[in-house]
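An overview of the molecular structure
The chain contents come next:
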Amino acid sequence: MLNEIIKNYNAAVLDTDRARALQVVADAVKQGVSPEDIVFKVVIPGMDMMVKALDEGFDTNLAQHFMTSQIAADVTEKMLLLFKAPPKIVGTVVIGTATGDLHTLGKRIVMGCLKAQMIEVIDLGVNVSAEKFVDEAVARGAQVIGISAMMVHTARGENGALKVRRLLHERGLERKIKLVVGGAPYRYDPNLYKLVQADAWAENGVTASRVIMDCIAEVKTITSMDRLVAAANGRILDHIPVFCNLLDQGARELGMSIEEYFSNGDNVAEAQLRMLKKFGHDNVWSLFYVGKEAELLGCKKIRFAEDGPPNVEDYVIKSYDDIVKLQVPDDITSHPAFAENAKCLARLKREVGGKVPICAYLTASMSLPALLMGMEKWLELLMIGDPAMRDLLLEKCSDFFRKEIAAYRQAGADVLVYADPYGSTDIVPMKLFKELSLKWIKRDLEPGGLNGVVYYVGGARLNTVADEVIREVGISVFYPSPMEDIAESMRIIKERALCAAVINDIKLLDWTPDEVRAEVKRIVQSGLGVGKKLFFGTVVMPYGIPEANIKAMIDAAKEYGRA
């Protein structure tokens, strides 16, 4: 239904048929489409369509630009009144025409587009003095001053943008307020904006919104959490969230052995914070290694490698009798094996909580037995063993998972990676997935809800099960395999969930930085070609990846993950 609404709305806009576009929206509301979806999934993508047409050189005209902006503004203003909660304003712009200029059309188009993008617009009118531009920008807390000029002398004049720049410089406001210009003279001379010392210019009213949003992002501190929330709602602020699993790399960052590094939660937190500053990605990791959960269930021996992640060396379950004896801790938070995890989370929460998503890795009940008894023995029990013994183990693992996820939430984790390779048809057949995997996924997650939960199948493929998980469980964030086509993943998910564009990071060991950038560009643009509910992600991130490749990957994800 939504696809048909989008199609009809876009057709009406391109035909400059305001009445028909408004009727499409009115009909959509009657059919039960939420006001939020109308704005974020119909109106804003319609503006993006016009921007794309302009970028690709399609023959568009001034009337289409005008009607796109005005229809968008009209619909947005009506829908905002019906939102369940007031939307978050992205930023504030003061806008007007330069001293001596009385033209309003270009300004009006820009204003319409900005309002639809949740940007507060303060219209100063025409013939605005430089002093008024700056005074109002300061008074309103604006991040951008927008000056329209339709004549050469008002664009180049000493009392226009040039004077605004001088005032911003004199008042020490140049880093706090950006100056954007537009109008006919700038189209004839694309370098004119530099002459008048503006920060940027827009070729037309429609693309101005994108230019101004970029400037707002430079001035306003957009947090990683802001990016993630926006992406979940199908919007991009400055770029898509860039998540990176830089966990083992922390040992190298601190010049420690893997064992020394993971022995102390402060070490992990310190390394995460340092690498966040160094690389500029959008997440940090709490303490985790394969086997950490097994330690909470009685594992006494972990193998620490010199240049890779730790692993279980001595299994908790060696016979079926051990399943019967397996004890789930009453309180994970007070367990000695959780102490360093809690220490790490406490520091991360204290230093970046609410600004940067803090990730925790949790092994699902269907997959945890592989850590406790080995994959071979678990698969044997699962497929041909005693069903009663299998279900006893799964129940204990699920009880443990419920307590563990509650403990991580209490300690400050925002993103809870629900790791379940046995939730992929790469491991189990679809029949078993539907009959057993789904049952235990639901049981694991039922008590605490789905907030912050990411469905991850350990690098295995999830496209075959994504629809089932969304319909049956309701999880709204998915982490596909790098071996899957991200465009296909997003087509399956159909805007019902946030999806990761995941790179095959094992290749980063050998690729050049240019090859890394090319691959990031390919997968990110492929995902954005289908929808905007997208973030960038990695999988195992081997210890030996050169830092130049990590930096190239993160920088490229930001560059190509723009709106």
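Structure's up top.
Residues numbered from 1 in each chain as written. Predicted model: local features only at pLDDT ≥ 70, side-chain atom pairs only at ≥ 80, totals over all residues. Heavy atoms only, no water.

**Digging into the overall build of the protein chain**
Counting its secondary structure elements, the protein chain contains 26 helices and 14 strands. Viewed in the frame of its principal axes, the protein chain has a C-alpha envelope of about 90 × 55 × 40 Å. Of the contacts made within the protein chain by residues no fewer than 6 positions apart, 73% connect residues no fewer than 24 positions apart. As displayed, the protein chain offers around 23,900 Å² of accessible surface, 51% of which is attributable to carbon and sulfur atoms. Charge-centre separation for the protein chain: the mean point of 68 positive side chains lies 4 Å from the mean point of 75 negative side chains. (Helix = DSSP H or I, 4+ residues; strand = E, 2+ residues; numbered from the N terminus. Contact = heavy atoms within 4.5 Å. Areas by Shrake-Rupley, 256 points an atom, 1.4 Å probe, with all protein chains shown as cover. Lys, Arg positive; Asp, Glu negative; His and termini not counted. Charge placed at Lys NZ, Arg CZ, Asp CG, Glu CD.)

**Topic: the side chain of Ser437**
Its place among the elements puts Ser437 in helix α22 (residues 430–445). In terms of polar contacts, Ser437 uses its side chain to reach the backbone carbonyl oxygen of Tyr422, at 2.9 Å. Excluding residues that lie within four positions of it along the chain, Ser437 makes contacts with Met366, Tyr422, Gly423, Val428 and Leu432. (Polar contact = N/O pair within 3.5 Å; in protein donor to acceptor, adjacent residues only side chain to side chain.)

**Observations concerning the pattern of salt bridges**
For the structure on display, the rule yields 32 salt bridges. A salt bridge links Arg347 to Glu270, with the nearest nitrogen and oxygen atoms 2.6 Å apart. With Arg347 in helix α18 (residues 339–352) and Glu270 in helix α15 (residues 265–279), the pair connects residues that are 77 residues apart, well separated along the chain. In this structure, Lys318 engages Asp314 in a salt bridge whose closest nitrogen and oxygen atoms are separated by 3.3 Å. We classify Asp314 as partly exposed; its relative accessible area is 31%. Residues joined by salt bridges that share partners form a network here, namely Lys434, Lys442, Asp467, Glu468, Arg471, Glu472 and Arg496. (Salt bridge = Lys/Arg side-chain N within 4 Å of Asp/Glu carboxyl O. Buried < 20%, exposed > 50% of the residue type's maximum accessible area, 1.4 Å probe, protein only.)

**Digging into α18**
Over its 14 residues, α18 extends 20 Å from the first C-alpha to the last, a length consistent with the 20 Å expected when each residue adds 1.5 Å. For α18, the set of buried residues is Glu340, Asn341, Cys344, Leu345, Arg347, Leu348 and Val352. When α18 is viewed along its axis, its buried side chains cluster within an angular range of 165 degrees and face the same direction. Tucked inside the fold, the buried residues of α18 contact α15, β6 (284–285), α16 (292–296), β9 (358–363) and α21 (387–411). Backbone geometry just after α18 places Gly354 at a positive phi near 85 degrees. (Expected span 1.5 Å × (residues − 1). Arc of directions from axis to C-beta.)

**Concerning the state of the cysteines**
Counting across every chain of the model gives 0 disulfides. Not part of a disulfide, Cys344 finds its nearest cysteine sulfur in Cys359, a span of 11 Å. The exposure class of Cys344 is buried, given its relative accessible area of 0%. (Disulfide = S-S within 2.5 Å.)

**Focus on the pairing of strand β4 (residues 178–182)**
Burial within β4 is extensive, with 5 of its 5 residues counted as buried. Relative to β4, strand β3 (residues 144–148) runs parallel, the two sharing 5 bridges. The residue of β4 that forms the bridge with Ile147 is Val181. By the bridge criterion, 3 bridges tie β4 to strand β5 (residues 200–202) in an arrangement that is parallel. The partner of Val180 across the bridge, within β5, is Ala200. (Pairing = 2+ DSSP bridges.)

**Topic: helix α25 (residues 513–528)**
Between its first and last C-alpha, α25 extends 22 Å over 16 residues, near the 22 Å set by a 1.5 Å rise per residue. Residues Val516, Glu519, Val520, Ile523, Val524 and Gly527 constitute the buried set of α25. Across the axial projection of α25, the buried residues extend over an arc of 120 degrees, all falling on one side.

**Re the sheet that holds strand β12 (residues 477–479)**
Within the open sheet, the 7 strands sit side by side as β6-β9-β10-β11-β12-β13-β14. Their pairing is parallel. Two strands close off the open sheet at either side, each with one partner strand: β6 and β14 (534–537). Taken together, the 4 bridges between strand β10 (residues 415–419) and strand β11 (residues 453–456) define a ladder with parallel strand orientation. Note that in β11 the partner of Val417 across the bridge is Val454.

**Some words on the packing of helix α24 (residues 486–493) against α25**
Any two packed helices are characterised by how steeply their axes cross, that is the angle between the axes, and by the distance between the axes. Relative to each other, α24 and α25 sit at 25 degrees, their axes nearing to 8 Å. Comparing their axes, α25 and α24 come out roughly parallel. Handedness of the α24/α25 crossing: right-handed. From α24, Ile486, Ala487 and Met490 reach across to α25, where they touch Ile523, Ser526 and Gly527. Here the residues of the contact of α24 with α25 sort into 4 nonpolar, 2 polar and no charged. (Axes fitted to C-alpha atoms, helices over the stretch in contact; angles between N-to-C directions. Parallel < 35°, antiparallel > 145°, perpendicular 65-115°, else oblique. Left-handed = near helix turned anticlockwise from the far one by under 90°. Nonpolar A, V, L, I, M, F, W, Y, C, P; charged D, E, K, R; others polar.)

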